[in-house]
Amino acid sequence: MKESFSQRSRIYHEALPKLLSLIDGEWDPVLRMASFSSLLFHACEWVSWCGFYRREGRELVVGPYVGKPACVRIPFNRGVCGDAASRGKPCIVSDVHAFDEHIACDPESRSELVIPVFGLDGEIEGVLDLDSMELAAFSAEDAAVLTQWIETVFPRGGVAIRK
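*Asks:* For this particular structure, what's the right way to read the packing of helix H2 (residues 29–43) against helix H4 (residues 140–153)?
*Replies:* In helix packing, the relevant descriptors are the interaxial angle and the interaxial distance, both defined with respect to the helix axes. Interaxial distance between H2 and H4 falls to 12 Å at its minimum, and their mutual angle equals 150 degrees. Taken together, H2 and H4 sit at an angle that is classed as roughly antiparallel. In terms of crossing hand, the pair formed by H2 and H4 is right-handed. Across the interface between the two elements, Arg32, Phe36, Leu39 and Leu40 from H2 touch Leu146, Trp149, Ile150 and Val153 from H4. Split by residue class, the contact of H2 with H4 holds seven nonpolar, no polar and one charged.

*Asks:* Honestly, the packing of aromatic side chains in this entry has me stumped. Any pointers?
*Replies:* Within a pair of aromatic rings, the relevant descriptors are the distance that separates the centres and the angle that separates the planes. Evaluated as defined, the whole model comprises eight aromatic pairs. Geometrically, the ring pair formed by Trp49 and Tyr53 is stacked, given 6.0 Å between the ring centres and 25 degrees between the ring planes. Residue classification places Tyr53 among the buried residues on the basis of a relative accessible area of 1%. Here Phe52 and Phe154 contribute two aromatic rings whose centre-to-centre distance is 5.5 Å and whose plane-to-plane angle is 70 degrees, an arrangement assigned as edge-to-face. Of the two residues, Phe52 sits in strand E1 (residues 49–56) while Phe154 sits in the segment after H4, which places them 102 residues apart along the sequence. Feature note: the residues Tyr12, Phe36, Trp46, Phe52, Trp149 and Phe154 constitute an aromatic cluster, connected by ring pairs.

*Asks:* Just to check I follow, could you spell out H2 for this structure?
*Replies:* Counting along an α-helix, one turn takes 3.6 residues, and residues three or four places apart therefore face a common direction. Taking 1.5 Å of rise per residue, the 15 residues of H2 would be expected to cover 21 Å, and the 21 Å separating its terminal C-alpha atoms lies within 8% of that figure. Buried within H2 are the following residues: Arg32, Met33, Ser35, Phe36, Ser37, Leu39, Leu40 and Phe41. Residues of H2 that are buried make contact with helix H1 (5–23), E1, strand E2 (59–66), strand E6 (124–132) and H4. Structurally, the start of H2 carries an N-cap: the backbone nitrogen of Val30 is 3.0 Å from a side-chain oxygen of Asp28.

*Asks:* Is there a simple way to think about the pairing of E6 in this case?
*Replies:* When a strand is regular, its side chains alternate between the sheet's two faces. Of all nine residues making up E6, nine are buried, and the element is well covered by its neighbours. In terms of strand pairing, strand E5 (residues 111–118) meets E6 through eight bridges, oriented antiparallel. Directly across from Ser111, in E6, lies its bridge partner Ser132.

*Asks:* So what exactly am I meant to see when it comes to the sheet that holds E5 here?
*Replies:* Hydrogen bonding along the main chain pairs the strands of a sheet, whether they run parallel or antiparallel. The six strands are arranged E3-E2-E1-E6-E5-E4 in an open sheet whose pairing can be described as antiparallel. Strands with a single pairing partner mark the edges of an open sheet, and in this sheet they are strand E3 (73–75) and strand E4 (91–93). Neighbour to neighbour, the strand axes of the sheet diverge by 25 degrees on average, direction disregarded. Inspection of the sheet shows E1 paired to E6 by six bridges, in the antiparallel sense. When the sheet's bridge partners are listed, Tyr53 is paired in E6 with Val127. In the packing of helix H3 (residues 79–87) onto the sheet, contacts are made with E1, E2, E3, E4, E5 and E6, and the angle to E5 comes to roughly 35 degrees. Lying over the sheet, H4 contacts E1, E4, E5 and E6, oriented at roughly 30 degrees with respect to E5.

*Asks:* Honestly, the side chain of Ser132 in this entry has me stumped. Any pointers?
*Replies:* With respect to the helices and strands, the residue Ser132 is situated in strand E6. Judged by its relative accessible area of 0%, Ser132 falls in the buried class. Among the polar contacts made by the side chain of Ser132, one reaches the main-chain amide nitrogen of Glu134 at a distance of 3.1 Å. If near-sequence neighbours (up to four positions away) are discounted, Ser132 is found in contact with Trp46, Ser48, Ser109, Arg110, Ser111, Ala137 and Phe138.

Procedures and definitions
Residues numbered from 1 in each chain as written. Predicted model: local features only at pLDDT ≥ 70, side-chain atom pairs only at ≥ 80, totals over all residues. Heavy atoms only, no water. Axes fitted to C-alpha atoms, helices over the stretch in contact; angles between N-to-C directions. Helix = DSSP H or I, 4+ residues; strand = E, 2+ residues; numbered from the N terminus. Parallel < 35°, antiparallel > 145°, perpendicular 65-115°, else oblique. Left-handed = near helix turned anticlockwise from the far one by under 90°. Contact = heavy atoms within 4.5 Å. Nonpolar A, V, L, I, M, F, W, Y, C, P; charged D, E, K, R; others polar. Phe/Tyr/Trp six-rings, centres within 6.5 Å; stacked < 30°, edge-to-face > 60°. Buried < 20%, exposed > 50% of the residue type's maximum accessible area, 1.4 Å probe, protein only. Expected span 1.5 Å × (residues − 1). Polar contact = N/O pair within 3.5 Å; in protein donor to acceptor, adjacent residues only side chain to side chain. Pairing = 2+ DSSP bridges.

Any functional reading would require information beyond the geometric quantities listed.
Here it is as structure tokens:
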């Protein structure tokens, strides 16, 4: 079922305080990434995979996630995650099978949203990656809300997720 954005907005609005309560006073980045991934995955029925990739040099290395086994390392110039990391902007792909350089960790995945996570120095620390088995499951509104979540949970320089 394709939710309206107002339905999604309600889900996001109810989930963020739960996440903030889970991580209150906890600055361990792995714990924050794990809690973020788990809560978002279970709150959003349209999400089939949710997790983080952390920057290690010019690669992204899988971090905490919920879903099927994932690709372990992704070069900055490959796939949707590499595109978002190299450009420093969210990347929304309505049909991953039509995206050049898509890395098919799960062949059932149909669409993807990747949001960069920045450090205090403005450098990419990693990315948040969400997959869905639905075509066109993510919108610019989803990207905007989840970018705000990232900025709240990982304030620039407050929590380094880079390995």
